[in-house]
Amino acid sequence: MKFSTRLPANLGPNRLSASLATLRAAGRHVIDLTESNPTRAGFAYPPDLLAPMGDPRGLLYRPEPFGLPAARRAIASDFERRGHGVDPDRIAVTASTSEAYSLLFKVLCDPGDEVLVPRPSYPLFEHLTRLDAVTAVPYDLEYHGSWSIDVGTVAAALSERTRAILLVNPNNPTGNFVSRGEVEHLADLCGGRQVALIADEVFADYPLHDQPSRAGPLLTRTDVLGFTLGGLSKSIGLPQAKLGWIVVSGDHHQVQGALARLELACDTYLSVSTPVQIAAAGLLERGGVIREQIRERIVANCGWLISRMASTPAGSVLRSDAGWHAVLQLPSLTSEEDLVLRLLQEDEVLVHPGYFFDFPSESFLVVSLLAPPASFRDGISRILRHFDCSTARP
Ligand SMILES: Cc1ncc(COP(=O)(O)O)c(C=O)c1O
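Anyway, here's the lowdown on the structure attached to this text. Not measured: the values here are computed from a predicted model.

Parameters at a glance
- Residues numbered from 1 in each chain as written.
- Predicted model: local features only at pLDDT ≥ 70, side-chain atom pairs only at ≥ 80, totals over all residues.
- Heavy atoms only, no water.
- Core = buried A, V, L, I, M, F, W, Y, C linked by side-chain atoms within 4.5 Å.
- Buried < 20%, exposed > 50% of the residue type's maximum accessible area, 1.4 Å probe, protein only.
- Helix = DSSP H or I, 4+ residues; strand = E, 2+ residues; numbered from the N terminus.
- Domains from an automatic or database assignment.
- Contact = heavy atoms within 4.5 Å.
- Axes fitted to C-alpha atoms, helices over the stretch in contact; angles between N-to-C directions.
- Nonpolar A, V, L, I, M, F, W, Y, C, P; charged D, E, K, R; others polar.
- Pairing = 2+ DSSP bridges.

1. A look at the nonpolar core
Counting residues in hydrophobic clusters, the biggest one holds 64 residues, and the most contacted among them are Leu33, Val351, Leu365, Phe376, Ile380 and Ile383. Among the elements that take part in this core, helix H10 (residues 288-310) stands out by supplying seven residues, more than any other. Here this core gathers at least three residues from each of two domains, domain 1 (15-44 + 289-389) and domain 2 (51-286). When near neighbours in sequence (up to four residues on either side) are disregarded, Ile380 contacts Leu33, Trp304, Leu305, Leu328 and Val367. Formed by 31 residues, the second largest nonpolar core is a distinct cluster that contains Ala196, Ile198, Leu229 and Ala265.

2. Section: the packing of helix H9 (residues 274-286) against H10
Across the interface, H9 lies against H10 with an axial gap of 4 Å and an inter-helix angle of 35°. Residues Leu284, Glu285 and Arg286 of H9 touch H10, and the partners they reach there are Gly288, Val289 and Arg291. Per-class residue counts for the contact of H9 with H10 are two nonpolar, one polar and three charged.

3. Description of the sheet that holds strand E13 (residues 352-353)
With respect to topology, four strands assemble into an open sheet ordered E10-E11-E14-E13, the strand pairing being antiparallel. Looking along the sheet, the strands with just one partner apiece sit at the ends: strand E10 (316-317) and E13. Of the pairings in the sheet, the one linking strand E11 (residues 325-329) to strand E14 (residues 364-368) comprises five bridges and is antiparallel in character. Bridge pairing in E14 links Gln329 to Phe364.

4. Here's the deal with the side chain of Ser235
On the secondary structure map, Ser235 appears in helix H7 (residues 232-235). If we skip the residues at most four places from it in the chain, Ser235 touches Val202, Asp205, Tyr206, Trp245, Leu284 and Arg291.

Okay, structure coming up:
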């Protein structure tokens, strides 16, 4: 059978997942510093948190392409919590942020068109674009004590086929917010070219330091067609609720054009369940307790990591301002892949290699800050012990 090339030809497990499966089958306990599923990270979810989804109004099916008005108002209120006024009429409710990308690629792109994606960044962009027959063209982030966009690489990556520039704000896994200057520059690049800006703000609620948030920079702009994405999977740690959103911004005429097309795309699938839409306001309100637990955990783990790495000559932790990940830079004694495999097999700690996120050089390790503090500290200590031993070897 001939299958679509939108999916990779090789679907087998990579060396790391094969090795992990072998260890787990042998009953070995591995400290998982890649866990990014909040529902498995030991947070205290109130047992009745999902009660609003049992509302009997969910027994009536009333299809609405952009989502029920109450759900759109609830999402607009959540933006108010973060200090942004958003018109509910410019909100489309989606089943997830991943689905939001797919809808936007359908609305903005023809097969073979290009979208610019940050590098390093979220590994799923490769699949998300390919599944919609769109080509992801990277632009670079650079690190000089903090991360920023190398705007020269954005300009160089633009072509006649570019339809959108993706911003992850704050970026996963590097944790940098997009600066005001960067947004200005990108809006200038996009404005005259019929190129949209898409800002993925799923981690916007998770600053790691006391500093004003730089989320929402597209919401009030009229010089570029903008799409701001978010969802419950990160904002209240409920990926299984399957609720995300797109806020459309820009010049009135362009916004209306985008909304009309988005409406048809949403209407074709009608993928968001009625119970979660009815529950949206209740979930967003009740979910604050999970957000607070996650915030407390990531700030504590990040603070501990920074002080631990400060006394470690072998490596460093890169500056991050937000999000659920930390990036360690370590000596390149072997390839990143071998390093990660040895950490798994010899030290029983699982981490992501930097190449997974398309870091331009080696060796970087990406760890999740969601792990319970005792496991997190144990896992990081094992990594550092590994390097003590490695550097001590003749
Ligand atoms: C940057 C980024 N965007 C989107 C998603 C996916 O979000 P959702 O669960 O809403 O599809 C993730 C998940 O990790 C992510 O890291």
